[in-house]
Number of protein chains: 4
Amino acid sequence: MQKNKNLKQQALSDIEHIQVHGRTTGNLSPLTLFWTGSAVEFNAKGAELWLELEVDYEVYEPWIGIVINGAVVSRQMLVAGRYWVCIFRGMNADAVKNVRIVKEVQAMSGDPGCSLQIHAVRFDGQFLPVEDKPYKLEFIGDSITSGEGTVGAKTEEDWIPMWFSALSNYAAMTAESLNADYRVISQSGWGVLTAWDNNPHCNLPDHYGQVCGLLSGPKNEALGAFRANDFDAWQPDVVIINLGTNDGSAFHSPEWSDQATGETRKQRLNEDGTYHAEDLKSFEEAVRSFLAKLRKNNKKAHLVWAYGMLGIPLMPAIYRAVDAYVNETGDKRVSVFQLPDMTEEAIGSRSHPGAAAHEKASKELTGYIREILRQG
Amino acid sequence: MQKNKNLKQQALSDIEHIQVHGRTTGNLSPLTLFWTGSAVEFNAKGAELWLELEVDYEVYEPWIGIVINGAVVSRQMLVAGRYWVCIFRGMNADAVKNVRIVKEVQAMSGDPGCSLQIHAVRFDGQFLPVEDKPYKLEFIGDSITSGEGTVGAKTEEDWIPMWFSALSNYAAMTAESLNADYRVISQSGWGVLTAWDNNPHCNLPDHYGQVCGLLSGPKNEALGAFRANDFDAWQPDVVIINLGTNDGSAFHSPEWSDQATGETRKQRLNEDGTYHAEDLKSFEEAVRSFLAKLRKNNKKAHLVWAYGMLGIPLMPAIYRAVDAYVNETGDKRVSVFQLPDMTEEAIGSRSHPGAAAHEKASKELTGYIREILRQG
Amino acid sequence: MQKNKNLKQQALSDIEHIQVHGRTTGNLSPLTLFWTGSAVEFNAKGAELWLELEVDYEVYEPWIGIVINGAVVSRQMLVAGRYWVCIFRGMNADAVKNVRIVKEVQAMSGDPGCSLQIHAVRFDGQFLPVEDKPYKLEFIGDSITSGEGTVGAKTEEDWIPMWFSALSNYAAMTAESLNADYRVISQSGWGVLTAWDNNPHCNLPDHYGQVCGLLSGPKNEALGAFRANDFDAWQPDVVIINLGTNDGSAFHSPEWSDQATGETRKQRLNEDGTYHAEDLKSFEEAVRSFLAKLRKNNKKAHLVWAYGMLGIPLMPAIYRAVDAYVNETGDKRVSVFQLPDMTEEAIGSRSHPGAAAHEKASKELTGYIREILRQG
Amino acid sequence: MQKNKNLKQQALSDIEHIQVHGRTTGNLSPLTLFWTGSAVEFNAKGAELWLELEVDYEVYEPWIGIVINGAVVSRQMLVAGRYWVCIFRGMNADAVKNVRIVKEVQAMSGDPGCSLQIHAVRFDGQFLPVEDKPYKLEFIGDSITSGEGTVGAKTEEDWIPMWFSALSNYAAMTAESLNADYRVISQSGWGVLTAWDNNPHCNLPDHYGQVCGLLSGPKNEALGAFRANDFDAWQPDVVIINLGTNDGSAFHSPEWSDQATGETRKQRLNEDGTYHAEDLKSFEEAVRSFLAKLRKNNKKAHLVWAYGMLGIPLMPAIYRAVDAYVNETGDKRVSVFQLPDMTEEAIGSRSHPGAAAHEKASKELTGYIREILRQG
């Protein structure tokens, strides 16, 4: 191999023009990417670029995708270790490439040892400024928003990072269609009130205020995951909340119990199969209260509760909750949007929406948000 | 990271059940993959699998794609060195996965230092037999068949491996639709008579008899690239020859000259822009003669000259050449098929057919070959 | 022309096996078709079939479509007069054809002189029984459900019957996908509370109980349009109500006033552009009350409020109204479904959803109703 | 019905601005439409338009399609008689509508009594000039070009006019995409040498020089069908010849014999199922000779032999014949284009290409012809 003698190593923190996507602590020495869809972006005028990564996990390894000039060119598993990954080489040194290295897998609440960090680059050129896109979107969701099932054969059943994707995902597609920067806050199996298994601790709202509060353990604490998120630094135009699917499943799942504390929880069904009124009320209250928390932190954003890719059983409750919130606050910048149901042909792996389902959902959602942005 | 203590290292040559795709020397210690679409395939019953690769190049690095149970899950650049790549981990140890690791980039005639070898695996399970598919297809072609342009943004112009793909390619798509094993013999810029630039040495027929004769240099010689190919070991049902596009370009390109030898060559146009009769004749003779060589080595195959994804200016000549061959030999198992022209929307990178163009071509070609296979 | 001497004339009322679709008075001497999608259907074993029509109008002429074995073969304007129309000729006399002659245009509230009647047939064969389909659907709606805009160029602006179609229509498509018989009750410009221009008399609920109560005049009275509909004779499995689009427009339209009576009406906007609470309440009350009326007449049907092909501004109000109805009655067989918004490419004539928009809406609605029918 | 008192009757021959499509005798008193796709076209500024038709047949009735501002609004059977058909009514009198009334069914060689004539109009407005489109195309073909099978259910088997369409047809679609005027010369079952049943009289070339020479009988003679066509009056830019499909079938059909004269004919297969060389030669000679005849009559046209919607068994012979013609004449403005094969999903009625197959063929052919027109 011919060595490229022009490569110069530079700490990430020393790069003048770098765009970081997704919630972080702000630290670049190194940069920790927590959430799916998180990324570093460069406008790189040079022939060859490498990134120094540091990766660890106990169970679930991270993956990255590489996007050059808007096209996905690579997607790869990241094994544990500290090493260099080549992003591109042999390119025209005089042309500016827009490059994004994107975390393809969600923050892993089930693996306190999982981390992905970027230390430095080796580059033979010059980084130019990356401009903010005209809009900012934040997506909050569960496995659907984590892109679970968008990769892999229909028959796959293992719960592993390989089947997740940030790029083959309605959130990424919608942001691209609208020419928007975006962030994703999502966790497979979680809900707005409880997880699919009735675990009341697995809800997104409780952790919304922190950089990545759904993680746990001393390592993540050291990485700054539990620090307060700096909302002022990034105010979205639209927040899309795609939650409720696991809250719906909880009604059909067995009681959750914590063997340590004896705590139990169950969203109940009536004998006729309808939702128990009291528990449904709790769900609605969770929605209402999450909207209030979102508004507190996102002053100017339109809040869109977008729900339906795996059915709409809780839609009436969501509408009631939004009504309750609007009546209470007078806040008019909240709405509900039904996403198209996954069709038979669009099933991906793990019985989740596949890439085609995400494309369809994105197309509908894009139309809806475009109108919101147009009305300003 | 938790080490998987069940992983056992095994030389590739010690694995009982392994399927190798693409022309090789037969050597597994290590296995050298030359051509795009070449691959190793396993039916792997186990939780975690790694591959030990050895990679080198002076200019053009190889890439691989990973296909699990028929779905592409990864595509990554391979930098120089000898190292382990994780194919999957954390999967259900009791389930059998069909796994293919596929060379995404063509044999590189322009880089005598480029090589991709596989030495060994680390695996915690058991390899089961991989059955041959019911049909065998061989694709012979140029940049189109090498999948140049199927990855990357429309604006890309650099000639680099990143924009090539064996998987996002009509050959792979057609083989999959027909449930066939397949091999690819292809080189960007080359033709049946000359290259796009009139270089008469850059033709596929001259090198057809060797394992990978279009490579050069002592390293490739040592790797066995120039050995006679063992045709008896793999007899295709259909050979698809997608050549002529660069032969057509040669008429519009400047004269080629070899500064060392003073040799020159030019496929000429008449003043009215039509092809010079004599040079067209040479092209036809090259087609006719290649068909004879193909038949010699592929006794039972139907030979399909498939041409048209970038226009059909040489189609009449191809038909004449096929006629000449048929008249001379009485061989009836030869035909011509026009592939659909690339449309504006289907342009990929480097002005080449993009993935959508390959899908369309594959759909038409699949229909045509299915009928041939049906008639037996 | 060779006369077909085997043709025998038969009054409609003398035909043993005839299927009439759409609300009628039950009278077959002659049969009056009022609503769009109304039809006569035969299983006709014979070579040639004619229908004797009687048509009149002052302004808006009817159109019919002819469907043979499920395929639309003809669509034609019906001018005034009493005359014979040939449905098919020259066909294999021994083959049974399923034939439907379908009214393509809505009941015309704006033209008291408009009528379409069928008196008799001329046929050279035998009518065989037409079996009921396994499901029955009723669609209630406005211009969208009347198929306004599904025919004609995008530039068309005239309000004429030519641009309407019962066949190129989500209602027909959904019924076909679900293998269901269906009826349509629809009127362009009308709503559940008021018309688009705030006219409070142009609402569907007031006229739901009659055969075709939104018509007027002595002629329609004589035809039986104002008689009570015989609900017992045809009980749908699902009633789809696609109303609200014109109610939404009313908020943005000038006050309606009746110059004769001095009566006025206006659904008001607040200064900030939001809906006036009191008027929104009236709309919700109209929805709630219509649901009660629908339930009274359709004991076993699932009621689906399907809304959204031209935006969803009233969706929260619809959800509230349905909630109110459910809370009041305990009736659980009511739900709301959001139809996909018309995209730019799917605009038909008169700025209405075109055929492509209807196809998309039908696909989503079909999936939703299929699940309802599956659950029984 | 309110009579439109502004309607004024006018003989067709008295209309200043009228565009007639398709080969005719030039006579407008009345105008006889022979070929499928033949039409009268108006730019009509007025509210209501009627056409006086005179129709007759012994077996096969004509159908028409009505196209307003580019959109098909009606398609109807024409029964025997002389009567008025309303084209539109109730439209904005001040808007100009482009209106085409198109013959949907081919000239009927099997029914010497079949005719469609237009005598006069009733109109309440003004006809404005219709400009020629920038290009002229002529399509010559068989049942495919006659649109047989583009209407009706897959199960239909009767040979009747109902399943034919000029509008749901690759010829019309291609002309529209290229913004071209066009003519069609086509006959179901016919070939360039013989019909599908080996009848040597059923070939298009023999009748190409006459207005509509494939008809027969004294009535058609009186209508001028056998007069020499005035080629100078309409010189196409491109002639598309879609013939060969029935010539291919002839090889697989029984011998044809004329019981009256004892004449017989058979295109023979060899024992191994290949085409008999001599008979194949006859086919090629027919192609070559037809090209010469076409060139004689169409001096400036590019001649495109377009073949393949129902397979390509005769493609090599077509290429040879074109080569022979080019070698003999030096004429370079001739080429061959392979149309995409009909797929399973695109089958229409009578096992013929359905509308989807025509759309696909049109898309490919349009791309090919656009390039020819671009090169001028």
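This is a predicted model, so every value here is computed, not measured.

Trainee: Got a minute to help me understand the UniProt feature "domain: SGNH hydrolase-type esterase" (unreviewed entry) in chain A in this structure?
Mentor: Under the UniProt annotation, "domain: SGNH hydrolase-type esterase" (unreviewed entry) lies at residues 139–321 of chain A. In residues 139–321 of chain A, helix accounts for 26% and strand for 14%; the two terminal C-alpha atoms are 19 Å from one another.

Trainee: I'm lost on helix α6 (residues 355–375) of chain B in this one. Help?
Mentor: Residues spaced three or four apart along an α-helix point in a common direction, a consequence of the helix completing one turn every 3.6 residues. All names here are of chain B. In this model α6 runs 30 Å from its N-terminal to its C-terminal C-alpha over 21 residues, within 8% of the 30 Å that 1.5 Å per residue would give. Those residues of α6 lying buried are Ala357, His358, Ala361, Ser362, Glu364, Leu365, Thr366, Tyr368, Ile369, Ile372 and Leu373. The first or second residue beyond α6 is glycine 376, which carries a positive phi of 75°.

Trainee: What is the right way to look at the interface of chain B and chain D in this model?
Mentor: By a frequent convention, interface size equals the accessible area lost on bringing the separate parts together. With 19 residues of chain B at the contact, the number on the chain D side is 19 residues. Of the roughly 1,400 Å² buried between chain B and chain D, counting both surfaces, carbon and sulfur atoms make up 47%. For chain B, the biggest contributors to the area lost against chain D are B:Tyr319, B:Gln338 and B:Glu364; these three give 37% of the whole. Linking D:Glu364 and B:Lys360 is a salt bridge whose minimum nitrogen-to-oxygen distance equals 2.4 Å. Linking chain B with chain D are 5 residue pairs in polar contact (both at pLDDT 80 or more), by the criterion used here. Put simply, the parts of the chain that give the side of chain B that touches chain D at least two residues each are α5 (315–329), β18 (334–338) and α6 of chain B. In terms of residue count, α5(B) provides more of the side of chain B that touches chain D than any other element does, 5 residues in total. A per-class count over the side of chain B that touches chain D returns 8 nonpolar, 2 polar and 9 charged.

Trainee: Even after reading the chapter, I still don't get the sheet that holds strand β17 (residues 302–307) of chain D, so can you show me in this structure?
Mentor: What holds strands together in a sheet is hydrogen bonding between their backbones, with the strands either parallel or antiparallel. Residue and element names in this part refer to chain D. An order of β13-β12-β14-β17-β18 is seen for the 5 strands of this open sheet, with the pairing classed as parallel. Here the strands that pair on one side only, and so sit at the sheet edges, are β13 (180–186) and β18 (334–338). Strand-to-strand twist across the sheet, computed as the mean angle between neighbouring axes with direction ignored, equals 20°.

Trainee: Before we go on, may I ask you to explain the interface of chain C and chain D in this structure?
Mentor: Listed as interface residues are 36 residues of chain C and, on the opposing side, 37 residues of chain D. The contact between chain C and chain D buries some 2,900 Å² in all, and 56% of this surface belongs to carbon and sulfur atoms. Taken as a group, C:Met1, C:Val73 and C:Arg89 account for 21% of the area that chain C buries against chain D, more than any other trio of residues on that side. Summed over the shared surface of chain C and chain D, the number is 2 salt bridges.

Trainee: Got a minute to help me understand the relation of the copies chain B and chain D in this structure?
Mentor: With an RMSD of 0.0 Å, the operation that places chain B on chain D is a rotation of 180° combined with a shift of 0.0 Å along the axis. With respect to symmetry, the two chain copies, as superposed, fit the operation of a two-fold axis. Same-surface contact between copies: 100% of interface residues of chain B are shared with the interface of chain D.

Trainee: Is there a simple way to explain the UniProt feature "transmembrane region" (unreviewed entry) in chain A in this structure?
Mentor: With numbering matched to this structure, UniProt assigns "transmembrane region" (unreviewed entry) to residues 303–322 of chain A. Strand forms 25% of residues 303–322 of chain A and helix 40%; the C-alpha atoms that close the span are 10 Å apart.

Trainee: Can you walk me through the relation of the copies chain C and chain D in this structure?
Mentor: Mapping between the two copies of the chain is achieved by a rotation about an axis and a shift along the axis. After a rotation of 180° and a shift along the axis of 0.0 Å, chain C superposes on chain D with an RMSD of 0.0 Å. Comparing interface residues between copies, 100% of those in chain C also sit at the interface in chain D, which points to an isologous, same-surface contact.

Trainee: Sorry if this is basic, but what is going on with the pattern of salt bridges here?
Mentor: Here the idea is simple: oppositely charged side chains can pair when their charged atoms come close. Taken as a whole and assessed by the stated rule, the structure comprises 77 salt bridges over all chains. B:Arg89 is the salt-bridge partner of A:Glu61, the closest N and O atoms lying 2.5 Å from each other. Of this pair, A:Glu61 sits in the loop between β5 (49–56) and β6 (63–68) while B:Arg89 sits in the loop between β8 (81–88) and β9 (96–103), which puts the two residues in different chains. By the burial criterion, A:Glu61 is buried, and B:Arg89 matches it. Close ionic contact of D:Arg320 with B:Asp323 constitutes a salt bridge, the shortest N to O distance being 2.7 Å. One end of the pair, D:Arg320, is in helix α5 (residues 315–329); the other, B:Asp323, is in helix α5, on a second chain. Within this structure, A:Lys281, A:Glu284, A:Arg320 and C:Asp323 form a network of salt bridges that share partners.

Conventions adopted
- Residues numbered from 1 in each chain as written.
- Chains lettered and ligands numbered in written order.
- Predicted model: local features only at pLDDT ≥ 70, side-chain atom pairs only at ≥ 80, totals over all residues.
- Heavy atoms only, no water.
- UniProt positions renumbered as here; feature names shortened; annotations may be inferred.
- Helix = DSSP H or I, 4+ residues; strand = E, 2+ residues; numbered from the N terminus.
- Expected span 1.5 Å × (residues − 1).
- Buried < 20%, exposed > 50% of the residue type's maximum accessible area, 1.4 Å probe, protein only.
- Contact = heavy atoms within 4.5 Å.
- Buried area = accessible area lost by both parts, 1.4 Å probe.
- Salt bridge = Lys/Arg side-chain N within 4 Å of Asp/Glu carboxyl O.
- Polar contact = N/O pair within 3.5 Å; in protein donor to acceptor, adjacent residues only side chain to side chain.
- Nonpolar A, V, L, I, M, F, W, Y, C, P; charged D, E, K, R; others polar.
- Pairing = 2+ DSSP bridges.
- Axes fitted to C-alpha atoms, helices over the stretch in contact; angles between N-to-C directions.
- Least-squares fit on C-alpha atoms with pLDDT ≥ 70 in both.

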